[in-house]
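Observations on the three-dimensional arrangement
These are the residues of each chain, in order.
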Amino acid sequence: MEASEDPRIVYADILYHPHHQSEKRAHMPLADRAAQFSAYDALAGFFDMIDEEERFTEAETELDENARELLDRKLQRIAEAIRRGEQPRVCFTVFVPDERKAGGSYREITESVRQIDLVSQRIVLNRREGRGGLYAALDIGRILSVRSELTDGLDAQE
């Protein structure tokens, strides 16, 4: 076709033919046809994976014998207060394991203590988990430190 020729004349024999429709296959809806040509993300999930790798977790600190003994004395003092009918308010520093990778993080949880269960090695708090759920509990083995008016004097003795 030369530059001066009119394409409507050159292609006149095919311009007004009906669109071919297969007799063997059903016609594909326009939405499905458009989906074939939608953007393709070759790196789907890659950036989420990078963000997850960059997310910092720390290893759980193992208490030495002196720190473990101090923690035990503090818990005994709190247990005595509970036996007297008190529900002391205590700030715990607790290791919370990460659900997706090794390690975790330390969090401070301040709450009134309902019970210290030495058999199951748990501290039961007054806070309930979920709507009408069970009382929240902390694993004694994951506690790094305890602060409260009841136990502040024990730190000074060390």
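Check the entry above for the structure.
Fair warning: this is a prediction, and the values are worked out from it, not measured in the lab.

Counting residues in each nonpolar core, the largest one holds 19 residues, and the members touching the most others are L75, F92, V113, I116 and I123. For this core, the secondary structure elements donating two or more residues are α5 (65-83), β1 (89-97), β2 (104-117), β3 (122-128), β4 (135-139) and β5 (143-147). Tallying contributions element by element places α5 first for this core, with five residues. If we skip the residues at most four places from it in the chain, I116 touches L75, I78, A79, I82, R122, I123 and I140.

A few words now on the pattern of salt bridges. Inspection of the entire model under this criterion finds seven salt bridges. One salt bridge connects R55 with E52, and the closest N-O pair in it is separated by 2.5 Å. Where E52 meets R100, a salt bridge forms, and the shortest distance between an N and an O atom there is 3.1 Å. Residue E52 is found in helix α4 (residues 46-54), and its partner R100 is found in the loop between β1 and β2; the two are separated by 48 residues along the sequence. Residue E52 is classed as buried on the basis of its relative accessible area of 17%.

Attention shifts here to the environment of E60. By the element assignment, E60 lies in the loop between α4 and α5. Assessed through its relative accessible area of 35%, E60 is described here as partly exposed. Put simply, E60 and V94 are 34 residues apart on the chain and 9.6 Å apart in space, counted from C-alpha to C-alpha. Not counting residues up to four positions away in its chain, the partners in contact with E60 are F95, Y106, G141 and R142.

Attention shifts here to the sheet that holds β4. Ordered in space as β4-β3-β2-β1-β5, the five strands form an open sheet in which the pairing is antiparallel. Because the sheet does not close on itself, it has two edges, and the strands there are β4 and β5. Neighbour-to-neighbour, the strand axes of this sheet turn through a mean angle of 45°, independent of strand direction. By the bridge criterion, four bridges tie β3 to β4 in an arrangement that is antiparallel.

Another point: a negative patch on the surface. Where like charges cluster on the molecular surface, the negative patch consists of D48, D51, E53 and E54. Relative to the helices and strands, E54 is located in helix α4.

Attention now goes to the packing of aromatic side chains. For any pair of aromatic rings, the description consists of the separation of the ring centres together with the inter-plane angle of the planes. Taken as a whole and assessed by the stated rule, the structure comprises two aromatic pairs. Measuring from ring centre to ring centre gives 5.4 Å for F46 and F47, while their planes differ by 75°; the resulting arrangement is edge-to-face.

The next subject is the pairing of β3. Strand direction decides the pairing type here: β2 and β3, joined by four bridges, are antiparallel. Along β3, the bridge assignment pairs V113 with L125. Taking the residues that link successive antiparallel strands as the turn, the β2-β3 hairpin has four residues, and the phi of Q121 there is positive, at about 55°.

What counts and how
Residues take numbers from 1 onward in each chain, read along the sequence in its written order. This being a predicted model, a pLDDT of at least 70 is required before a residue's local features are given, and a value of 80 or more before pairs of side-chain atoms are given or counted; all residues contribute to the totals for chains, interfaces and linings. With hydrogens and water set aside, each side-chain value is computed from the structure's full complement of heavy atoms. Residues grouped as a nonpolar core are buried Ala, Val, Leu, Ile, Met, Phe, Trp, Tyr and Cys residues, joined through side-chain atoms within 4.5 Å. The cut-offs for exposure are 20% and 50% of the maximum accessible area for each residue type, with area from a 1.4 Å probe on protein chains only; residues under the lower value are buried, those over the upper are exposed, and the others partly exposed. To qualify as a helix, a DSSP run of H or I must reach at least 4 residues; to qualify as a strand, a run of E must reach at least 2; elements of each kind are numbered from the N terminus. Throughout, a contact is declared for two residues whenever any of their heavy atoms are within 4.5 Å. Put simply, a salt bridge is a Lys or Arg side-chain nitrogen that is within 4 Å of an Asp or Glu carboxyl oxygen. In short, DSSP must find at least two bridges between two strands for them to pair. Axis geometry follows a simple rule: fit a line to the C-alpha atoms, using only the stretch in contact for helices, then measure angles between N-to-C directions, giving values from 0 to 180 degrees. For patch building, the residue pool is restricted to those with more than 30% relative accessible area and no salt bridge; the joining distance is 9 Å between like charges and 5 Å between nonpolar side chains (Val, Leu, Ile, Met, Phe, Trp, Tyr). To measure how exposed things are, a 1.4 Å probe is used in the Shrake-Rupley method; for residues, cover is taken only from the protein chains shown. Only four residue types enter the tally: Lys and Arg on the positive side, Asp and Glu on the negative side; His and the chain ends are excluded. Charge positions come from single atoms, namely NZ of Lys, CZ of Arg, CG of Asp or CD of Glu. Two rings from Phe, Tyr or Trp (for Trp, the six-membered ring) form a pair when their centres are within 6.5 Å of each other. A pair whose planes differ by under 30 degrees is stacked, one over 60 is edge-to-face, and the rest are tilted.

None of this, on its own, says anything about what the molecule does.
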